[in-house]
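Structural overview
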Amino acid sequence: MTAEPYGKKNPFPAPVLGVRPLTAPGSAKETIHAEFSLEGSGLEYITGDALGVIPCNDPALADALIAALDLNPDAAVPTPEGDAKPLREALISNYDITTVNKGILTKWNTFANCPYLAEIIEDKEKLNNFCWGRDLLDLAGMNHKPNFGSEEAFVGILKKLMPRLYSIASSPTAHPGQVHLCVGAVRYTAFDRQRGGVCSTFMADRMPQGSTARVFIHSNKNFRLPENSALPIIMVGPGTGIAPFRAFWEERIATGATGPNWLFFGNPHQATDGCYTDELDTLVSEGKLKLSVAWSRDQAEKVYVQHLMEREGAELWAWLEKGACFYVCGDASRMAKDVEQALLDIISRYGHKTADEAAAYLAAMKTDKRYQRDVY
């Protein structure tokens, strides 16, 4: 019988080569760089792809939840993958114990029979307010304690622990057999407890060198370097949006691409929030990269990547007229919209076009795959 190849349905247990901080202590934008080995996996990726990572929950959270519900950590329970494990192991590796939504509340309340929860479930606004920042341990601490009757009944209400996708921050040509990530560690306080993003804190805090993490490759065919390596590229990636662009510049340099590279990067403070600073300094000094950085909080007036684009609009337009490909990675809700508007304004101003003509120019760039976005 042939073994199933590694992929989303059969993630590869990738050895962790190392995790290091990119930002300095005290940064409000704590960012890490993580490296994994893909040796022997058969997994291959193209610059622009994403890596799926299946995290593990914080063991301390699993232990507290088991204790709060008076369950047996060693009792065998089924997993979503079809095998059986001790409850504690399953809660750490297989089940989502942090997401609270209408579905989980409804199932939970069949065992808790709490009038307060029943009221919340039926009121959309109250439901949204209640769910934010809470996990299952918060539910277990409420007055109406559920009686699941068995460990199996408890996991029967839970959802599978889902993978998270991250833009790959390495070139397969520059790092054969490896894959790298650039990840922002999410941490916050809610209801007097320190909490964090499941996957980001798994990688930042609980993924020592020599351990393994379950991974797979997620293809992103709509975010690719130009086939013509002589074309210029313009990359706009504030914060962890820099991730795929590290892969881009590494690939361009490793393959001897002759087209120039321009990166717009931004973060709050230069003193604490730099990412890949040494690499960038070297590339700039060697003439391999043009770099424009917006430190948004280092002066009275906030400065973002779109403001730097506007300041350098004449040169940016000249690059576009030479066939430059324009890429954006990061926050979809605000940054990407502001960057697109700045781009339209530059096309209009320096290309001497009406608003409709600028929109048509940008539409043509999209059609020709010269304008690509990886936003979330």
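Here the structure is a predicted model, which is why all the values come from computation and not from measurement.

Note on helix geometry: an α-helix contains 3.6 residues per turn, so any two residues three or four positions apart are oriented the same way. Where helix α12 (residues 313-321) is concerned, the buried positions are G313, L316, W317, W319 and L320. For α12, the buried positions fall inside an angular range of 155° around the axis, keeping them on one side. Looking one or two residues beyond α12, the residue adopting positive phi is G323, at roughly 95°.

Moving on, we come to the sheet that holds strand β14 (residues 325-330). In spatial order, the strands read β13-β12-β11-β14-β15; together these five strands make up an open sheet with parallel pairing. What marks the edges here is a single partner per strand, and that holds for β13 (290-295) and β15 (371-375). Taken over all neighbouring pairs, the strand axes of this sheet differ in orientation by 10° on average, direction set aside. With six bridges joining them, strand β12 (residues 261-267) and β13 adopt parallel strand pairing. Across the sheet, L263 pairs through a bridge with L291, a residue of β13. Packed onto the sheet, α12 meets β11 (233-236), β12, β13 and β14 and runs at close to 135° relative to β12.

The sheet built from six strands is open, its strands ordered β6-β3-β10-β1-β2-β7 with antiparallel pairing. Each end of this open sheet is capped by a strand with a single partner; those strands are β6 (164-167) and β7 (178-184). With direction set aside, neighbouring strand axes in the sheet form an average angle of 40°.

Turning to its location among the elements, L316 is positioned in helix α12. Taking the C-alpha atoms as reference, L316 lies 8.3 Å from I234; in sequence the two are 82 residues apart. The contacts of L316, once residues within four sequence positions are left out, are I234, W262, F264, M309, F326, L343 and I346.

Going through the model one piece at a time under the given rule, you end up with 16 aromatic pairs. Sitting over the face of the ring of F130, R134 holds its NZ or CZ atom 4.1 Å from the ring centroid. Taking the ring centre of F191 as reference, the NZ or CZ of R134 above it sits at 4.0 Å.

Moving on, we get to the layout of surface pockets. There is about 660 Å³ of room inside the largest pocket. Around the largest pocket sit 24 residues that line it, and K29, P238, G239, D331 and M335 are the ones nearest its centre. Contributing elements (two or more residues each) for the lining of the largest pocket: β12, α11 (305-311) and α13 (335-350). Class assignment for the residues of the lining of the largest pocket results in eight nonpolar, 10 polar and six charged.

Close approach of charged atoms lets side chains of opposite charge pair. Tallied over the entire structure, the rule returns 16 salt bridges. Two residues, E340 and R373, come together in a salt bridge whose shortest N-O distance is 3.8 Å. Here R373 lies in strand β15 and E340 lies in helix α13, a separation of 33 residues in the sequence. Residue R373 is classed as partly exposed on the basis of its relative accessible area, which comes to 37%. Connected via shared salt-bridge partners are D135, D138, R193 and R195.

Looking at the secondary structure, you find N94 in the loop between α2 (87-93) and α3 (102-112). Residue N94 is classed as buried on the basis of its relative accessible area, which comes to 3%. A distance of 2.8 Å separates the side chain of N94 from the side chain of E81, its partner in a polar contact. Among the polar contacts listed, one links the side chain of N94 to the side chain of K85, at a separation of 3.0 Å. Leaving out residues up to four positions away in the same chain, N94 has contacts with T79, P80, E81, K85, E89, K159, K160 and L161.

With six of six residues buried, β14 is to be regarded as a mostly interior element. Burial along β14 is two-sided: the face carrying C325, Y327 and C329 and the face carrying F326, V328 and G330 are both buried. Across four bridges, β11 lies against β14 in parallel orientation. Looking at β14, one finds that V236 is bridged to V328. As paired strands, β14 and β15 are joined by five bridges and run parallel to one another. Each bridged residue has a counterpart across the sheet, and for F326 the counterpart in β15 is Y371.

Rules of the game
Residues numbered from 1 in each chain as written. Predicted model: local features only at pLDDT ≥ 70, side-chain atom pairs only at ≥ 80, totals over all residues. Heavy atoms only, no water. Buried < 20%, exposed > 50% of the residue type's maximum accessible area, 1.4 Å probe, protein only. Helix = DSSP H or I, 4+ residues; strand = E, 2+ residues; numbered from the N terminus. Arc of directions from axis to C-beta. Pairing = 2+ DSSP bridges. Axes fitted to C-alpha atoms, helices over the stretch in contact; angles between N-to-C directions. Contact = heavy atoms within 4.5 Å. Phe/Tyr/Trp six-rings, centres within 6.5 Å; stacked < 30°, edge-to-face > 60°. Lys NZ or Arg CZ within 6 Å of the ring centre and 35° of its normal. 1 Å grid on protein atoms, 1.4 Å probe; cavity = no way out; pocket = protein on both sides within 12 Å on 5 of 7 lines; lining within 4 Å. Points joined across faces, edges and corners; volume = space filled by probe spheres on them. Nonpolar A, V, L, I, M, F, W, Y, C, P; charged D, E, K, R; others polar. Salt bridge = Lys/Arg side-chain N within 4 Å of Asp/Glu carboxyl O. Polar contact = N/O pair within 3.5 Å; in protein donor to acceptor, adjacent residues only side chain to side chain.

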